[in-house]
Amino acid sequence: MKKETYLKELHNLQIELVKWHYWVKEEGLKVVILFEGRDAAGKGGVIKAITDQLNPRQVKSVALGKPTEREKSQWYFQRYVTHLPSAGEITIFDRSWYNRAGVEKVMGFCTQQEYQSFLKSCPLFENMLIDSGIILLKYWLSVSPEEQEKRFRKRLTDPRKRWKFSEMDLEGRQRWFDYTQAKLAMIEASTTKLYKTYFIAI
């Protein structure tokens, strides 16, 4: 797609997003959007495109860092619950509680017991959110190994994007298959047809 065409389509989509945002506010809805996916799959860029023209008072983007020692001692979902929306608000998570089933599982940052507990608890937690009136949208963004490497190299050579790159990214590339298996297990465990909680792959 040519850049001119892309920008025109993006403009039109952002207008629709503003209309949707007004509808969410007027109807007093509560919306949670999760963006998960491989490193350098474009999560941050998509979130920026969504939030760019929306009112930051009602639309919040959340990208939590490494949990503190205090947070580690809490109920796993607790630090995410504090960011859930009130009526008329939208919360977008740039990575979410699925960290436990993804990077924590693959990189060994959680125990097998903690991982299995998450797979069991996650659909129950999400069903509770939906029962409370929250609209839950989950997106998984993918990228090919070749495109991922290309984007990593760009981050390394562009001073403006250097902060996006870490040693974890290099380690993650070595565990491509492990991440694939973790993703499949995560999606299977968290899919519940009754509540329609499933990932939309992009």
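Cut-offs used in this document
- Residues numbered from 1 in each chain as written.
- Predicted model: local features only at pLDDT ≥ 70, side-chain atom pairs only at ≥ 80, totals over all residues.
- Heavy atoms only, no water.
- UniProt positions renumbered as here; feature names shortened; annotations may be inferred.
- Helix = DSSP H or I, 4+ residues; strand = E, 2+ residues; numbered from the N terminus.
- Rg over C-alpha atoms; globule rule 2.2 N^0.38 Å.
- Areas by Shrake-Rupley, 256 points an atom, 1.4 Å probe, with all protein chains shown as cover.
- Lys, Arg positive; Asp, Glu negative; His and termini not counted.
- Charge placed at Lys NZ, Arg CZ, Asp CG, Glu CD.
- Phe/Tyr/Trp six-rings, centres within 6.5 Å; stacked < 30°, edge-to-face > 60°.
- Buried < 20%, exposed > 50% of the residue type's maximum accessible area, 1.4 Å probe, protein only.
- Expected span 1.5 Å × (residues − 1).
- Arc of directions from axis to C-beta.
- Contact = heavy atoms within 4.5 Å.
- Pairing = 2+ DSSP bridges.

In the annotation of an unreviewed UniProt entry, the entry for the chain reads ADP/GDP-polyphosphate phosphotransferase, and the organism field reads Catenovulum adriaticum. In its Sequence similarities (unreviewed entry) section, UniProt records this for the chain: "Belongs to the polyphosphate kinase 2 (PPK2) family. Class I subfamily." Recorded in UniProt for the chain, the comment headed Subunit (unreviewed entry) runs: "Homotetramer."

Caption draft 1: Region of interest: the overall build of the chain. From N to C terminus, the chain includes nine helices and five strands. In the chain, the succession of α and β elements from N to C terminus is α-β-α-β-α-α-β-α-α-β-α-α-α-β. Here the C-alpha radius of gyration of the chain, 18 Å, is about what a compact globule of 202 residues would show, namely 17 Å. If you line up the chain on its principal axes, its C-alpha atoms span 45 × 45 × 35 Å. If you sum the accessible surface of the chain, you get close to 12,600 Å²; carbon and sulfur atoms cover 55% of it. In the chain, the 34 positive side-chain charges and the 25 negative ones have mean positions that sit 2 Å from each other.

Caption draft 2: Layout of the packing of aromatic side chains. Tallied over the full model, the rule gives 15 aromatic pairs. Ring plane angle 20° and centroid distance 4.2 Å describe the contact between Phe 77 and Phe 125, whose orientation is recorded as stacked. With Phe 77 in the loop between α3 (69–72) and α4 (78–81) and Phe 125 in helix α6 (residues 112–131), this residue pair connects regions lying 48 residues apart in the sequence. Judged by relative accessible area, which is 3%, Phe 77 ranks as buried. The class for Phe 125 is buried, based on a relative accessible area of 5%. Ring plane angle 85° and centroid distance 5.8 Å describe the contact between Tyr 80 and Trp 97, whose orientation is recorded as edge-to-face. In this pair, Tyr 80 is assigned in helix α4 and Trp 97 in the loop between β3 (89–94) and α5 (103–107), connecting sequence segments 17 residues apart.

Caption draft 3: Local environment of helix α7 (residues 145–157). If you check α7, its first and last C-alpha atoms are 19 Å apart, about what 13 residues at 1.5 Å a residue would give, namely 18 Å. Among the residues of α7, Gln 148, Phe 152 and Arg 155 are the ones counted as buried. All buried residues of α7 fall inside an arc of 60° around its axis, so they share one side. In α7, the exposed positions that point more than 90 degrees away from the buried face belong to Glu 146, Lys 150, Arg 153 and Thr 157.

Caption draft 4: Up close: the environment of Ile 200. Of note, Ile 200 is situated in strand β5 (residues 200–201). With 13 residues separating them along the chain, Ile 200 and Ile 187 place their C-alpha atoms 10.0 Å apart. If we ignore the near neighbours within four places in the chain, the residues touching Ile 200 are Lys 138, Tyr 139 and Trp 140.

Caption draft 5: The pairing of strand β4 (residues 134–141), seen in detail. One ladder, built from eight bridges, connects strand β1 (residues 30–37) with β4; its direction is parallel. Bridge assignment links Val 32 to a residue of β4, and that residue is Leu 136. Here two bridges tie β4 to β5, and the two strands are oriented parallel to one another. In the sheet register, Tyr 139 faces β5, and the bridge partner there is Ile 200.

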